[in-house]
Amino acid sequence: MQFFGGTEISPSLPASTASGNNGHMMYVFNRNGVCLLYREWNRPLHTLNQQQDHKLMFGLLFSLKSLTAKMDPTTQDKSNLGVPQLPGQGCSFHSFRTNTYKLTFMESPSGIKIILVTHPRTSDLRESLKYIYNLYVEYVVKNPLYTPGTPIRCELFNTTLDQYVRSIS
Amino acid sequence: MPPVGPRSGDAIFANVERVNAELFTLTYGAIVRQLLTDLEEVEEVNKQLDQMGYNIGIRLIDEFLAKSNVSRCVDFKETAEVIAKVGFKMFLGVTASVTNWDADGTCCSIVLEDNPLVDFVELPDTCQGLYYCNILSGVVRGALEMVSMKTEISWIRDMLRGDDAFELQVKLLKQIPEEYPYKDDE
């Protein structure tokens, strides 16, 4: 009998179609609002200092999530807006698009939030975020020297991520 | 509705890379042996194994979620089923069953008929108080805490103590709601 471990990254790479370089920036937060990772590929304008920027992004997601759950027309039992929800309770959004950018969002039940900001014309990126979550598991979570809940400093993860995001179309 | 996760861990188990079972069993045995030498007290070893399991659990949960595609469980009952059928299969190669639910659905038992950790193991007289597999209870506790469920886990049956199976009692203490983490004046 054999068991244990595993390095295969699944789901396998979502196919990319047109040329890449569509990624603007990416955030990874944990449940406590700690920004575990911030990567920037194409962001000409900075208006806030980095810490404020991270807090703003986290706050936006948090509020938007409770708003989307509050507006859900399909469920009866809803608590008042702003009342804390249990993880997994209520619906959530996965992306929004403006005329200048698109934000895709994924949250795992363990509270890891991955946010990818891209060019507004990119296609559905939900599979891509799942793939990035898998990269996070392989390169960060499985790294014995990484302390959970602290900012990620892992060159290998950064390089793999950069390479992958470059291929997103 | 989000897609429902798998009902069994067989497919995932077949796809991950594995290590030799004997190597795994003996490595775990060596760790327990070393803890007994270092800590001397059996009680302390139980505690340490639980803590080690907890540290594993808080990481393992992400791998579990990433590979199993489980998006959410509706209640604690489903959570227990997923741990037994998918989780144990995926990481330990064995399937467990869930029984002994209490009336309000917050306490149940996970029963393991087969446990690869204890191949070759016999408890000597000096270690009668040892919960040899205490790492497993720590793993489950750590993993559940990461999905906001505070649990208390204890061993009801232990094959090394002459019982016919391993039985873990999992008791849900509370579910922690998601709060906005920043203070206003920060």
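The text that follows walks through the structure, step by step, so that each part is easy to find.

Cut-offs and rules
Residues numbered from 1 in each chain as written. Chains lettered and ligands numbered in written order. Predicted model: local features only at pLDDT ≥ 70, side-chain atom pairs only at ≥ 80, totals over all residues. Heavy atoms only, no water. Helix = DSSP H or I, 4+ residues; strand = E, 2+ residues; numbered from the N terminus. Rg over C-alpha atoms; globule rule 2.2 N^0.38 Å. Buried < 20%, exposed > 50% of the residue type's maximum accessible area, 1.4 Å probe, protein only. Contact = heavy atoms within 4.5 Å. Areas by Shrake-Rupley, 256 points an atom, 1.4 Å probe, with all protein chains shown as cover. Lys, Arg positive; Asp, Glu negative; His and termini not counted. Charge placed at Lys NZ, Arg CZ, Asp CG, Glu CD. Patch = residues over 30% accessible without salt bridge, like charges linked within 9 Å, V, L, I, M, F, W, Y side chains within 5 Å. Salt bridge = Lys/Arg side-chain N within 4 Å of Asp/Glu carboxyl O. Pairing = 2+ DSSP bridges. Polar contact = N/O pair within 3.5 Å; in protein donor to acceptor, adjacent residues only side chain to side chain. Axes fitted to C-alpha atoms, helices over the stretch in contact; angles between N-to-C directions. Parallel < 35°, antiparallel > 145°, perpendicular 65-115°, else oblique. Nonpolar A, V, L, I, M, F, W, Y, C, P; charged D, E, K, R; others polar.

**Remarks on the overall build of chain B**
Stage number 1. Of the regular secondary structure elements, chain B holds 5 helices and 5 strands.
Stage number 2. Relative to its length of 186 residues, chain B is compact, with a C-alpha radius of gyration of 17 Å against a globular reference of 16 Å.
Stage number 3. Over its C-alpha atoms, taken along the principal directions, chain B stretches across nearly 55 × 45 × 35 Å.
Stage number 4. For chain B, the proportion of its 186 residues judged to be buried stands at 49%.
Stage number 5. Contacts in chain B between residues far apart in sequence, at least 24 positions, make up 60% of those at least 6 positions apart.
Stage number 6. As presented, chain B carries roughly 9,400 Å² of accessible surface, and 52% of it is formed by carbon and sulfur atoms.
Stage number 7. The positive charge centre, built from 17 side chains, and the negative charge centre, built from 32, are 4 Å apart in chain B.

**Quick word on a negative patch on the surface**
Residues and elements named next belong to chain B.
Stage number 1. A grouping of E22, E113, D114 and D119 is seen on the molecular surface, where their side chains present a negatively charged patch.
Stage number 2. Within the secondary structure layout, E113 lies in the loop between β3 (107-112) and α5 (134-146).
Stage number 3. Since its relative accessible area comes to 53%, E113 is described here as exposed.

**A look at the pairing of strand β2 (residues 23-29) of chain A**
In regular strands, side chains alternate between the two faces of the sheet.
All names here are of chain A.
Stage number 1. The buried fraction of β2 is high, at 7 of 7 residues.
Stage number 2. Judged from the 6 bridges that link them, β2 and strand β6 (residues 113-118) form a sheet pairing that is antiparallel. Directly across from G23, in β6, lies its bridge partner T118.
Stage number 3. Where β2 meets strand β3 (residues 35-40), 5 bridges bridge the pair, whose relative direction is antiparallel.

**Examining the side chain of K67 of chain B**
Stage number 1. Within the element layout of this structure, K67 of chain B appears in helix α3 (residues 42-68).
Stage number 2. With a relative accessible area of 9%, K67 of chain B lands in the buried category.
Stage number 3. Polar contacts involving the side chain of K67 of chain B include one to the side chain of E138 of chain A, which spans 3.3 Å.

**Thoughts on the sheet that holds strand β2 (residues 97-99) of chain B**
Residue and element names in this part refer to chain B.
Stage number 1. Read across the sheet, 4 strands follow the order β2-β3-β5-β4 without closing on themselves; strand pairing throughout is antiparallel. On the outer flanks of this sheet lie β2 and β4 (149-157), each paired with one strand and no other. The mean inter-strand angle of the sheet, taken between neighbouring strand axes irrespective of direction, is 30°.
Stage number 2. Sheet topology note: the β3/strand β5 (residues 166-175) ladder contains 6 bridges and is antiparallel. Following the sheet pairing, V111 is matched in β5 by E167.
Stage number 3. Against the sheet, helix α4 (residues 76-92) engages β2, β3, β4 and β5, with an angle of about 15° to β3.
Stage number 4. On the sheet, α5 packs against β3, β4 and β5 and is oriented at approximately 160° with respect to β4.

**A short note on the packing of α3 of chain B against α4 of chain B**
Residues and elements named next belong to chain B.
Stage number 1. Running from amino to carboxyl end, α3 crosses α4 at an angle of 100°, the nearest separation of the two axes being 11 Å. As the angle between them shows, α3 and α4 are arranged roughly perpendicular. Across the interface between the two elements, L60, E63, F64, K67 and S68 of α3 pack against V82, V86, G87, M90 and F91 of α4.
Stage number 2. By residue class, the composition of the contact of α3 with α4 is 6 nonpolar, 2 polar and 2 charged.

Everything listed is a geometric property; what it means functionally is a separate question.
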